[in-house]
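The primary structure of each chain is shown beneath.
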Amino acid sequence: AQARPAEPWVLVQAAAAPTDPSRRALGSVRAAQLHAISTETGGRVLRLEADVGDHVRRGQLLVVLDPAVATRRLLAAREELARAEAQLVERERNRTRVSGLVTLGAASEADAEQADIDRQAAASAAAGARTALAAAEQELAAVEIRAPVDGVVALRHIERSAVAGPGAPLLELDGDGAREIVAYAPQTIASAVQRGTRVVWRSGERSGHAIVERVARRAAGSGARQIVARVTDGEVEPGAITELEFPEGASAATARVPAAAVQIARDGSHTLRVVDADRRLRALPIKLVRLVDGYALVAGDIAPGDLVVAAGGQHVAAGTRVQTRLVTR
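Criteria and cut-off values
Residues numbered from 1 in each chain as written. Predicted model: local features only at pLDDT ≥ 70, side-chain atom pairs only at ≥ 80, totals over all residues. Heavy atoms only, no water. Pairing = 2+ DSSP bridges. Helix = DSSP H or I, 4+ residues; strand = E, 2+ residues; numbered from the N terminus. Phe/Tyr/Trp six-rings, centres within 6.5 Å; stacked < 30°, edge-to-face > 60°. Lys NZ or Arg CZ within 6 Å of the ring centre and 35° of its normal. Salt bridge = Lys/Arg side-chain N within 4 Å of Asp/Glu carboxyl O. Buried < 20%, exposed > 50% of the residue type's maximum accessible area, 1.4 Å probe, protein only.

Caption draft 1: Layout of the sheet that holds strand 4 (residues 43-48). The sheet built from 4 strands is open, its strands ordered 7-6-4-9 with antiparallel pairing. With partners counted over all chains shown, the strands left at the sheet margins are strand 7 (144-146) and strand 9 (163-164), one partner each.

Caption draft 2: Structural view of the packing of aromatic side chains. Tallied over the full model, the rule gives 0 aromatic pairs. Above the ring of Tyr295, the side-chain terminus of Arg256 is found at 4.5 Å from the ring centroid. A cation sits over an aromatic face here: Arg325 above Trp9, 4.5 Å from the ring centre.

Caption draft 3: Broad picture of the pattern of salt bridges. Counting across every chain of the model gives 19 salt bridges. Between Glu85 and Arg130 there is a salt bridge, with the nearest N and O atoms lying 3.7 Å from each other. Taken as a pair, Glu85 in helix 1 (residues 68-104) and Arg130 in helix 2 (residues 109-141) lie far apart in primary sequence, 45 residues in all. Its salt-bridge partner being Glu90, residue Arg91 comes within 3.5 Å of it at the nearest N-O pair. Judged by its relative accessible area of 43%, Glu90 is partly exposed. Connected through salt bridges with shared partners, the residues Glu7, Arg279 and Arg321 form a single ionic network.

Have a look at this one:
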């Protein structure tokens, strides 16, 4: 009997979801409320009571500065106040004495006016000394820097024994509440993204959605533009590295296939060879959306999981029954 010809082999690969690396951008998570912790007076860092990643409560001690300088200023301010108050008491007594002498005719009105002027000057000096003492007490209290809100320590700018200048940032604290993702995307993406665009975020095994709130008008030094998106669902910690996936737009792809699987006709149309359930080849017209890293994003009657001929299909006519060998990468 005549033997049946062997069915030809073709290499196939399952169509995948239409993920597009060129529509993604990496970013980091931060709290919508970011608090920069600094010191008004400056000083040497004596102790660090919190580090990056620590959860802190409002009022919790974060940094302790060396109190030696502030203590000396406080002692000097107290001594100055004591001298000023003693002088004020002496000037008040002198004014009372001169007033009595004026009544007796032993002193003139000019003497009384001068005594009153001296008393007012002493009173002003005492008031200034009290203000200086209050400032010195506040400076000493400021050596203990506490958390203004509940949150997570996001950044630490200083080390122990370092000298912090007045107003210099010591720590950055991410407050509890809403989360933001700050990412930098190439111009091709940023130019098409608008405020209110809904995007997908992924961080490890976690995922969710976010709404774009700001897009920088100008590119940064790397040529990318900053995009800030507010997390609307899903749990993600501040500081986590996160991937944003932006929508395709009007020409959304339905599947991702090997670029070699796309066949181009003379008229410029594109087709795929797919394998049906009975192992027969079928020519499927598709629209080529974009080529990305050796793959093709296509739109048409094809879905993830369909078997696409990656090699050998161009040598076999449509309708032919074939044997398949799955390509794995």
